[in-house]
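# Descriptive structure summary
Listed below are the residues making up each chain.
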Amino acid sequence: MKKIFLLLTLIGSTIGLAQQDALVFFADKENVQAAINNPISILTQESLERKAMHNIVIDERDVPVNEAYITSLKNQAGITVHAKSKWLNAAYVRGSEQNINNLVDELDEVIAVEFADKNLNRQPFQGKAKDKFAIENSQGRIIYDYGDAANQIEQIAADYLHELDFTGEGMIIAILDSGFPNVTTMDAFDAVISEGRLLGTYDFAERQNNVDGTGQHGTLTFSDIGAFLDGAENFVGTAPNASFYLFRTEFGPTENPVEEAWWVEALERADSLGVDVVNTSLGYQDYDNSNYDHSYEDLDGETTIAARGANIASEKGMLLVTSAGNDGGQFNFVGTPADAKGILTVGAVDANGDYAFFSSIGPTVDGRIMPDVMAQGFLAAAVDKDGDVVEINGTSFSSPIMAGAVASLWQSRPEVRNDRLMDVIRESGHLFNNPTDEMGYGIPNFEEAYLALQTLGIEDQLLKENFAIYPNPVTDVMNVSFPQEVGNAVVTVYDVLGKQVLQQQVTVAGNRVDFTKLSAGMYIANINGDGINNNFKILKK
């Protein structure tokens, strides 16, 4: 009996010492108001200019994590710090469960811990880890000429943008991936290098500037945006004249949620550097430690580390494009960050525009259409690390094809906010009126998107001179958007028989009209203020 008790004690001790991963959240930050008052101390001029153009507020999330707190974590026995996030005001750590839990008791600055092992947070988990690049790595690569690159460009009408000389010039794109070998010496990127458009590189896994990383996945995805070959082999990316940052956030040999934390770090750096568009051909759902896996219920667009970071990145004014994933027929649904609410998620079709069998599908657990749009990812063309134009499969390639087109489109109207631009792109999809779980809103037409984007100038002028309302249909609350130099108005609502059912004073600061007491049906709203009088037909759900 004594031996059995000793054995159980040893087993218990081993379990207690097992290494766990967790986010550790801090209570506050240092000199927040001073940093906000002097934003150039925490952001670059390019970032400040982009935020100013899109009216993006600089707030506490832009202020760096208190480095003294990071030092305190590093000084705790058994704790290793792997990443930090100013947006989440947190650090990603590894240590025993006990040592991590002790941080809350021993450090005043630590207010909460969130374990990657959802058992420890009393949350469900499921799944089994696998090679996320299995689809891409399983294909035989055949050298192709420009014709195949042309199909993936013409399929979404990005060639129309190029004919108008919108090729991404002046736009800054960050590519977050697993490795970018040979990009500084390849003919495909010669123009990017010689013209000084490779603005910087960083490996968040190894904490170094060299981004060769593991494998050539990043080189391949980069080529679909920025490559240009003119000679024996021809190839053009969708934004060949853009400027680029290359960030390695993926560590190929293992699968661990620390990669989500590195990914958020890279987004934070991209934002501070003034990046416009981010491409991510990575996705996360299952890990080497199955306790860390994300269940379908976790993928609600705001729960995972990556989704939280993506949504803040969107709020900060960047436009994020990501691959839906290659889980069709397996886990089936998009992983993260593809589930994020502030991201444009891209699935894969073949050259004929038909759904590719491996492309992850929707909807998300909260019922959102997913993926957003589609581009060629089956037998897509890319340039490999040896400089050859190859045939390759995966949503990893539909995403950068789309990201470059997005950047080229945004070049035509850079003052348009990211959320409006994404709406325009979705609305140009061939399935917009009848979206499906496999293909979302379908294949966008960037010629139509460009023409729609230009009319926004007319719409913006109308909005300056008239009231507007949103959302419509209304569930509970209707918001009133005011024209310039108007501060007060009266909203009067009538039923279809002309009977007044509601009247309310509204202001720019108090612009919400409560519809909760009205039954479902059609109404007419009249908004009158400072001589401007507009009527709207409203559907109450």
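Residues numbered from 1 in each chain as written. Predicted model: local features only at pLDDT ≥ 70, side-chain atom pairs only at ≥ 80, totals over all residues. Heavy atoms only, no water.

Spanning 15 residues, helix α11 (residues 258-272) covers 21 Å between terminal C-alpha atoms, matching the ideal 21 Å at 1.5 Å per step. Within α11, 14 of the 15 residues are buried, leaving the element largely enclosed by the surrounding structure. G274 lies just past α11 and shows a positive phi near 85°. (Helix = DSSP H or I, 4+ residues; strand = E, 2+ residues; numbered from the N terminus. Expected span 1.5 Å × (residues − 1). Buried < 20%, exposed > 50% of the residue type's maximum accessible area, 1.4 Å probe, protein only.)

The next subject is the pairing of strand β12 (residues 343-349). Summarising burial for β12: seven of the seven residues are buried, a large majority. In β12, alternate side chains face the same way, and those of I343, T345, G347 and V349 on one face and L344, V346 and A348 on the other are all buried. Two elements, strand β11 (residues 319-323) and β12, share four bridges in a ladder whose sense is parallel. Residue T322 lies in a different strand from β12, and its bridge partner there is T345. When β12 meets strand β13 (residues 373-376), the two strands line up parallel, connected through four bridges. (Pairing = 2+ DSSP bridges.)

Time to look at the sheet that holds strand β20 (residues 512-514). Here we have three strands laid out as an open sheet, ordered β16-β17-β20, and antiparallel in their pairing. On the outer flanks of this sheet lie β16 (468-470) and β20, each paired with one strand and no other. Here the strands of the sheet are splayed against their neighbours by 30° on average, with no regard to which way each runs. (Axes fitted to C-alpha atoms, helices over the stretch in contact; angles between N-to-C directions.)

It is worth spelling out the sheet that holds β11 at this point. Read across the sheet, seven strands follow the order β6-β9-β5-β10-β11-β12-β13 without closing on themselves; strand pairing throughout is parallel. Taken across any chain shown, the strands that pair with only one partner, and hence form the sheet edges, are β6 (198-203) and β13. Ignoring which end each strand starts from, the neighbouring axes of this sheet average 25° apart. On top of the sheet, α11 reaches β5 (172-177), β6, β9 (243-248), β10 (277-280) and β11; it is set at about 170° to β5, its chief contact. (Contact = heavy atoms within 4.5 Å.)

What follows covers the packing of aromatic side chains. Applying the stated criterion across every chain, the model contains 14 aromatic pairs. Relative to Y450, the ring of F166 has its centre 5.8 Å away and its plane inclined at 40°; by these criteria the two rings are tilted. Linking F166 in the loop between α8 (158-163) and β5 with Y450 in helix α15 (residues 446-465), this pair joins segments that are 284 residues apart in sequence. Neither residue differs from the other here; F166 and Y450 are each classed as buried. On the numbers, 4.2 Å between centres and 5° between planes, the contact of F189 with F222 is stacked. Of this pair, F189 sits in the loop between β5 and α9 (190-194) while F222 sits in helix α10 (residues 217-226), placing them 33 residues apart in sequence. (Phe/Tyr/Trp six-rings, centres within 6.5 Å; stacked < 30°, edge-to-face > 60°.)

With that settled, the discussion passes to a negative patch on the surface. A cluster of acidic residues, E154, E163, E447 and E448, forms a negative patch at the surface. Within the fold, E447 resides in helix α15. (Patch = residues over 30% accessible without salt bridge, like charges linked within 9 Å, V, L, I, M, F, W, Y side chains within 5 Å. Areas by Shrake-Rupley, 256 points an atom, 1.4 Å probe, with all protein chains shown as cover. Salt bridge = Lys/Arg side-chain N within 4 Å of Asp/Glu carboxyl O. Lys, Arg positive; Asp, Glu negative; His and termini not counted. Charge placed at Lys NZ, Arg CZ, Asp CG, Glu CD.)

This next bit is on the nonpolar core. Inside soluble globular proteins, nonpolar side chains tend to come together where they are buried. Among the nonpolar cores identified, the biggest contains 65 residues, and M402 and V406 are the most heavily contacted of them. The greatest single-element share of this core, amounting to nine residues, is contributed by helix α13 (residues 395-412). In this structure, M402 is in contact with I156, V321, L344, V346, V373, M374, A375, P444 and F446, ignoring residues within four places of it in sequence. Core analysis: the second largest hydrophobic core is formed by 42 residues, A174, A261, W262 and I312 among them. (Core = buried A, V, L, I, M, F, W, Y, C linked by side-chain atoms within 4.5 Å.)

We now examine the confidence of the model for the protein. Scored by pLDDT, the protein has a mean of 90; 91% of the residues are at 70 or more. Note on residues 1-16: pLDDT under 50 across the span, and three contacts to partners over four residues away in sequence or across chains. Segment residues 140-146: pLDDT under 50, and 21 contacts once partners within four positions in sequence are set aside and those in other chains are kept. (pLDDT = per-residue confidence, 0-100.)

Quick look at the side chain of D271 now. For D271, the location among the structural elements is in helix α11. With sequence-adjacent residues up to four places away left out, D271 is seen in contact with L43, S47, R50, K51, D62, W87, K316 and M318.

The omega torsion across T336 and P337 is 15°, close enough to zero to call that bond cis. Tracing the chain through its elements places P337 in the loop between β11 and β12. In this model, G362 is joined to P363 through a cis peptide bond whose omega is 0°. Relative to the helices and strands, P363 resides in the loop between β12 and β13. The residue N89 is not glycine, and still its phi comes out positive at about 50°. One can find N89 in the loop between β2 (80-85) and β3 (90-96). A residue is classified by how much of its surface remains accessible, and N89, at 10% relative accessible area, is buried.

It is worth spelling out the pattern of salt bridges at this point. As enumerated under the stated definition, the model contains 22 salt bridges in all. Across the salt bridge formed by E195 and R197, the nearest N and O atoms sit 2.8 Å from each other. Its relative accessible area of 8% is what places R197 among the buried residues. In this structure, R207 and E265 form a salt bridge, with 2.6 Å as the shortest nitrogen-oxygen distance. One end of the pair, R207, is in the loop between β6 and α10; the other, E265, is in helix α11, and 58 residues separate them in sequence. The exposure class assigned to R207 is partly exposed, which follows from its relative accessible area of 38%. Several salt bridges share partner residues, and in doing so they unite R50, K51, D59, R61, D62, D271, E315 and K316 into one network.

This brings us to the packing of α13 against helix α14 (residues 418-427). Remark: α13 packs on α14, axes separated minimally by 11 Å, with the N-to-C direction vectors making an angle of 115°. Here α13 and α14 pass one another in a crossing that is right-handed. Side by side, α13 and α14 meet where V406, L409 and W410 of the first sit next to N418, L421 and I425 of the second. For the contact of α13 with α14, the residue count by class is five nonpolar, one polar and no charged. (Left-handed = near helix turned anticlockwise from the far one by under 90°. Nonpolar A, V, L, I, M, F, W, Y, C, P; charged D, E, K, R; others polar.)

A separate point is the environment of L319. Looking at the secondary structure, you find L319 in strand β11. Placed 24 residues apart in sequence, L319 and I343 show a C-alpha to C-alpha distance of 7.0 Å. In this view, L319 contacts D276, V277, V278, L344, V406, W410, N418, L421 and M422; residues no more than four positions away in its chain are not counted.

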